[in-house]
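Coordinates in review
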Amino acid sequence: MSELAAEPGSGADLHLEVRGPRVLAGLKEALREAVRSGRLTPGARLPSTRSLAADLGIARNTVVAAYAELVAEGWLSSRQGAATRVATAHGAAPPDRACADPDPARPLHDLRPGTPDVAAFPRAEWLRAARRVFDRAPDRAFSYPDVRGTEELRTALAAYLARARGVRTDPERIVVCAGAAHGLRLLATALRARGTDSVFTEGYGLDLHRRLLTESGLRTPCLPMDGHGARTDLLAQTSGAGAVVLTPAHQFPSGEVLSGDRRAAVIRWARNTGAVVVEDDYDGEFRYENPPVGSLQALDPGHVAYLGTASKSLAPGLRLGWLVVPEILADQLSRALGEFGMCGTLDQLVLAELLGSGAYDRHVRAMRARYRRRREQLSEMLAGRARSRLSGASAGLHAIVNVPSGCEAAIIGAAEADGLALCGISRFRHPRGQDDRDAIVVGYATPSASAWAGALAALEAVLP
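Keep in mind it's a predicted model, so treat the numbers as computed, not measured.

Some details on the overall build of the protein chain
When helices and strands are counted, the protein chain shows 13 helices and 19 strands. In terms of overall dimensions, the protein chain has C-alpha extents of about 75 × 60 × 40 Å along its principal axes. In the protein chain, which comprises 464 residues, the share counted as buried stands at 54%. When contacts within the protein chain are restricted to residue pairs at least 6 apart in sequence, those whose partners lie at least 24 apart make up 72%. Approximately 19600 Å² of the protein chain is accessible, and the part contributed by carbon and sulfur atoms is 50%.

Here it is, written out as structure tokens:
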């Protein structure tokens, strides 16, 4: 079946060859081929379902189903009341992206870490939840909110975090924030008010986080790392720091999991000194092989501040995160909330609805399967290479590819010349860090479904 379908508003024809006995499968593959070949460019408007069905001589329900499934796969995008379009493969970087590029020109392929597949955002589920929220939201939902966040979301988060991450808390200990950067700024202000002037940060991590702490008047000495994560066993030998920021479940970016003895060491240090441990659980939901690693907070809720976010599980554009505040920081955090304002109520209520209905869990499970397969494909691509090796836990939205000493900068340069955006591990090294390994940090979650194969092939071409 080969037809020309008129594209409304453009004067152009869309040539599709629908092959095979199953019309739905044939139509989906024909549309994918049109995107892959470049005949349908990112942002291109597709014919209406009614027009395409009429032009191809097939049932409109078949076209509706094909469009919906390709939207779910990331090939197409759709908004209520607007035309269906070819998905844009690469969106603009969010404000707290792990490796932001100041150049406004978008790369052909993007494997920088810090962003999920935003094309996979569960639009339909979010819209259904929003409708339920608006149908039953009380008038007070549109008034000035509780600075800690809505009671509905804090209650839903307490239940979810206990069940999924082992966090020990209740709604009164939870504060909703506008993403991880906002949460860390709140914690930094509270720590400074408590009298803390120095916070240990890991040997590798986001320079954004170090900058936020520094701008709050805190020093950020380096906590060394090795193959088992941060050297928390060294904390007892130091003095002067009143807090430490850790990524224990999946160290960013090196990928190590903080070992049991080092978890115990940091808890002992906090109890003995009265220090605060800030646990950044930025991608804790995504673990693919070994049993899930529970939260560090569960070992001592009185000394660990837990920081989580929907930026990796849903989308960074939501600007929704959460803090679980320990008792020793509660008063200072409450005062910091007054200084830094509140988060919007309505999105909080929608997220609470998603958590309560099970839609959030279903989305996370679906994305976990997708990201796991991408990591497996990355591993398969590297299997025959002696000079490029995968390391770190099978978890999260990025992986470390170790490369020979002195090769990192050359690989990044070659990738840039080929239109591939990459980050080297040196980008995340603490200014006083001693480790000088060479590695590439591959954000395999970043591309949409339609862009992943091309990005992986581009990476293969530049690795030694």
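Some remarks on the pattern of salt bridges
Applying the stated rule across the entire model yields 32 salt bridges. A salt bridge links Asp117 to Arg374; the shortest N-O distance between them is 3.4 Å. Taken together, the positions of Asp117 in the loop between strand 5 (109-110) and helix 4 (123-136) and Arg374 in helix 11 (residues 359-382) put the pair 257 residues apart, joining distant regions of the chain. Arg374 sits in the buried class, given a relative accessible area of 3%. Each member of the salt-bridge network shares a partner with another, and the members are Lys28, Glu29, Arg32, Arg36, Glu69 and Glu73.

Remarks on the side chain of Arg263
Here Arg263 shows up in helix 8 (residues 260-273). It is Glu279 that comes nearest to the buried, bridge-free Arg263 among opposite-charge side chains, at 5.3 Å. Of note is the side chain of Arg263, whose polar atom sits 3.4 Å from the backbone oxygen of Leu258. Leave out the neighbours within four places in its chain, and Arg263 touches Pro248, Ala249, Leu258, Val293, Gly294, Ser295, Leu296 and Leu299.

Let's talk about the nonpolar core
In terms of nonpolar packing, the biggest core is built from 63 residues, with Trp322, Tyr360, Leu378, Leu422, Leu459 and Leu463 touching the most fellow members. No other element matches helix 11, which puts eight residues into this core.

Focus: helix 11
Between its terminal C-alpha atoms helix 11 stretches 35 Å, which fits the 34 Å expected from 24 residues at 1.5 Å a residue. For helix 11, the full list of buried residues reads Ala359, Tyr360, Asp361, His363, Val364, Met367, Tyr371, Arg374, Arg375, Leu378, Met381 and Leu382.

A look at the pairing of strand 14 (residues 321-324)
Burial along strand 14 is two-sided: the face carrying Gly321 and Leu323 and the face carrying Trp322 and Val324 are both buried. By the bridge criterion, four bridges tie strand 6 (residues 174-177) to strand 14 in an arrangement that is antiparallel. If you follow Val176 over to strand 14, its bridge partner there is Trp322. In this structure, strand 13 (residues 304-309) lies alongside strand 14, joined through four bridges in antiparallel fashion. Across the sheet, Leu307 pairs through a bridge with Leu323, a residue of strand 14.

Brief notes about the confidence of the model for the protein chain
Detailed reading of the predicted model is not advised wherever pLDDT is low. Mean pLDDT over the protein chain stands at 88; residues scoring 70 or higher make up 92%. Low pLDDT (under 50) marks residues 2-12, which in the prediction has 31 contacts with non-local residues, meaning those over four places away or in another chain. Taken together, the stretch residues 90-97 has pLDDT below 50 and engages in 18 contacts with residues farther than four places along the chain or on a different chain.

Comments concerning the sheet that holds strand 19 (residues 439-442)
Pairing is antiparallel across the open sheet formed by four strands, whose spatial order is 15-16-19-18. At either margin of the open sheet sits one strand with a lone partner, and together these are strand 15 (389-391) and strand 18 (423-424). When strand 16 (residues 399-402) meets strand 19, the two strands line up antiparallel, connected through four bridges. The residue of strand 19 that forms the bridge with Asn402 is Ala439. Most of the contacts of helix 11 go to strand 15, to which it runs at about 145°, and overall it touches strand 15, strand 16 and strand 19.

A word on unusual backbone geometry
Most peptide bonds adopt trans geometry, and most residues besides glycine take a negative phi value. Here Phe252 and Pro253 are connected by a cis peptide whose omega angle stands at 5°. Along the chain, the position of Pro253 falls in the loop between strand 11 (243-246) and helix 8. The phi angle at Arg319 is positive, at roughly 55°, despite the residue not being glycine. Looking at the element boundaries, Arg319 is found in the loop between strand 13 and strand 14. For Arg319, a relative accessible area of 23% gives the class partly exposed.

Overview of helix 8
Between its first and last C-alpha, helix 8 extends 20 Å over 14 residues, near the 20 Å set by a 1.5 Å rise per residue. Among all positions of helix 8, only Arg262, Arg263, Ala265, Val266, Ile267, Trp269 and Ala270 are buried. Each element contacted by the buried residues of helix 8 is listed here: strand 9 (225-226), strand 10 (229-230), strand 11, strand 12 (276-280) and strand 13. Positive phi appears at Gly274, one or two residues downstream of helix 8, with a value of about 75°.

Some points on the sheet that holds strand 7 (residues 199-202)
Strand order in the open sheet formed by seven strands is 6-14-13-12-11-7-8, with mixed pairing between adjacent strands. Every interior strand has two partners, whereas the edge strands, strand 6 and strand 8 (222-223), have only one. Strand direction decides the pairing type here: strand 11 and strand 12, joined by four bridges, are parallel. For Ala243, the partnering residue across the bridge sits in strand 12 and is Val276. Where helix 5 (residues 151-165) meets the sheet, its contacts fall on strand 6, strand 13 and strand 14, and the angle it forms with strand 6 comes to roughly 105°.

Criteria and thresholds
- Residues numbered from 1 in each chain as written.
- Predicted model: local features only at pLDDT ≥ 70, side-chain atom pairs only at ≥ 80, totals over all residues.
- Heavy atoms only, no water.
- Helix = DSSP H or I, 4+ residues; strand = E, 2+ residues; numbered from the N terminus.
- Buried < 20%, exposed > 50% of the residue type's maximum accessible area, 1.4 Å probe, protein only.
- Contact = heavy atoms within 4.5 Å.
- Areas by Shrake-Rupley, 256 points an atom, 1.4 Å probe, with all protein chains shown as cover.
- Salt bridge = Lys/Arg side-chain N within 4 Å of Asp/Glu carboxyl O.
- Lys, Arg positive; Asp, Glu negative; His and termini not counted.
- Polar contact = N/O pair within 3.5 Å; in protein donor to acceptor, adjacent residues only side chain to side chain.
- Core = buried A, V, L, I, M, F, W, Y, C linked by side-chain atoms within 4.5 Å.
- Expected span 1.5 Å × (residues − 1).
- Pairing = 2+ DSSP bridges.
- pLDDT = per-residue confidence, 0-100.
- Axes fitted to C-alpha atoms, helices over the stretch in contact; angles between N-to-C directions.

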